[in-house]
Amino acid sequence: MASDFKALEAGFTSWDFEQEVLSAKINGLITGEITTYGDYCSVTANLRIYPGGEVLGTVTEVGLLNDLMPLAGEIARNFEAKIANALPVLIEFNIEPKELQEKAKIMIDGIVFSLKKNDGTFENRIVKDSGIHHISIEAPDYEDLSFTYSFTNENRFFVNAELVPKVQGLSSIRLKKYRDGVFHTYGLLQAPVTQENPYAKIEVNSKTILGVFTVPKENEDDSASSNIAFFRIPQNYAFDGMNLVVNAKPFDRAANIDKRRRWMYTSYTALICSLPFTFYNVGQFTSENYAYSQGRGNYDDLVKYQSRSNVCLGVTAACGVWFAIELVRYLWSADRVLPVDAKIDKKMPTEKINSDKIIENNEFLVE
């Protein structure tokens with residue numbers, strides 16, 4: 001009996017109270033307050049679900065003191081709708097490494113939860129309404145993990161999350177063909193390069209890095225896009241101590257694409273315009289050749305159309321080759337919009353990194 005009073009004093013959300021409720025096989029507990037106003041009363045009822053002790057819903061109704069059955073019926077109908085629309089699910093977390101279990105901070109739909117309770121106890125279970133939830137798991141000196149999952153059709157889920165340590169370091173990077181400029185990474189960090197120091201130091205964290213290399217404007221008429229080049233450091237090169245080289249070439253890619261597109265259309269137009277002359281002269285030559293073989297044609301006309309057809313075929317073939325070249329050049333210029341990948345700088349020795357030690361993205365598993 002003393003333990004019951006102790007659990008009640010600890011509060012509805014305490015570990016002691018929850019254990020008493022669960023041992024009694026109670027999954028839902030209605031608590032509340034009754035306030036009287038003469039012949040009337042106001043009843044505020046809270047429905048708590050266990051495990052977890054969270055409030056599933058609150059109902060407030062007013063009725064006569066001498067006729068409480070309609071009041072109880074209204075409260076029951078309101079709770080029935082809340083229970084039907086928001087069935088609870090139990091989410092159990094297994095966080096690796098184990099020492100992070102009590103340090104980890106869990107955010108569900110922006111609300112922070114801690115597996116370590118205020119009374120010092122540890123509980124790896126959280127009760128939430130069924131539905132789609134966004135979960136983030138954070139721990140000091142470890143990469144954050146986040147995912148969205150539909151917690152439906154079951155009443156119990158297991159989340160196995162493996163956190164990986166944060167990796168911070170510096171890598172050296174240079175241009176394959178030197179130019180004065182600045183490497184920009186993470187939107188704000190800048191690393192200039194000069195003739196005296198062509199290598200820039202940039203921060204890396206074992207994740208793919210998308211950056212920009214910019215050069216100063218040569219004149220006021222230069223557009224902003226003519227002085228930038230995008231580059232990418234792959235994940236397996238984004239480690240401390242790496243020496244990298246990138247073939248970044250700042251120029252106006254949009255203007256270059258427009259130029260190559262105009263040349264492609266010009267070559268295509270020349271090819272199409274040459275076809276009527278080729279069809280006509282080749283057809284005439286074929287007709288004259290057949291007539292001459294039957295003894296009805298003129299030899300001079302045959303030679304004339306043969307020469308014309310050969311010239312037209314040559315022009316059409318040349319236009320076709322021109323169009324094919326311009327098409328390839330256009331596609332190549334369009335492809336140059338993509339960032340160029342950094343590679344290992346063979347001029348500077350870099351310690352070989354075992355591929356087994358490359359840290360992949362955080363992983364999670366929901367069952």
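Residues numbered from 1 in each chain as written. Predicted model: local features only at pLDDT ≥ 70, side-chain atom pairs only at ≥ 80, totals over all residues. Heavy atoms only, no water.

### Observations concerning the confidence of the model for the chain
Per-residue confidence for the chain averages 80 on the pLDDT scale, and 85% of its residues sit at or above 70. Strand E20 (residues 363-366) is the least confidently modelled element of the chain, averaging 52 in pLDDT, while helix H5 (residues 299-335) averages 92, the highest of any element. In this model, residues 351-364 is a region of pLDDT below 50 whose contacts with residues beyond four sequence positions or in other chains number 26 contacts. (pLDDT = per-residue confidence, 0-100. Helix = DSSP H or I, 4+ residues; strand = E, 2+ residues; numbered from the N terminus. Contact = heavy atoms within 4.5 Å.)

### Points about the environment of Lys 304
Among the structural elements, Lys 304 can be located in helix H5. On the basis of relative accessibility, which here comes to 34%, the residue Lys 304 falls in the partly exposed class. Distance in space between the C-alpha atoms of Lys 304 and Phe 285 is 8.3 Å, their sequence separation being 19 residues. (Buried < 20%, exposed > 50% of the residue type's maximum accessible area, 1.4 Å probe, protein only.)

### Here we look at the environment of Asp 109
Counting through the fold element by element, Asp 109 comes out in the loop between strand E5 (105-108) and strand E6 (111-114). The sequence separation of Asp 109 and His 133 amounts to 24 residues, and the corresponding C-alpha distance is 6.0 Å. Beyond its immediate chain neighbours, meaning those up to four positions away, Asp 109 contacts Ile 132, His 133 and His 134. Reaching out from Asp 109, the side chain makes a polar contact with the backbone nitrogen of His 134 at a distance of 2.8 Å. (Polar contact = N/O pair within 3.5 Å; in protein donor to acceptor, adjacent residues only side chain to side chain.)

### Section: the pairing of strand E16 (residues 228-233)
Where burial is concerned, the two faces of E16 differ: the one with Ala 229, Phe 231 and Ile 233 is buried and the one with Ile 228, Phe 230 and Arg 232 is not. Of the strand pairs in this sheet, strand E15 (residues 209-214) and E16 are connected by 6 bridges, and their pairing is antiparallel. Residue pairing in the sheet places Val 212 in a bridge with Phe 230 of E16. Bridging between E16 and strand E18 (residues 340-341) involves 2 bridges; their strand directions are parallel. (Pairing = 2+ DSSP bridges.)

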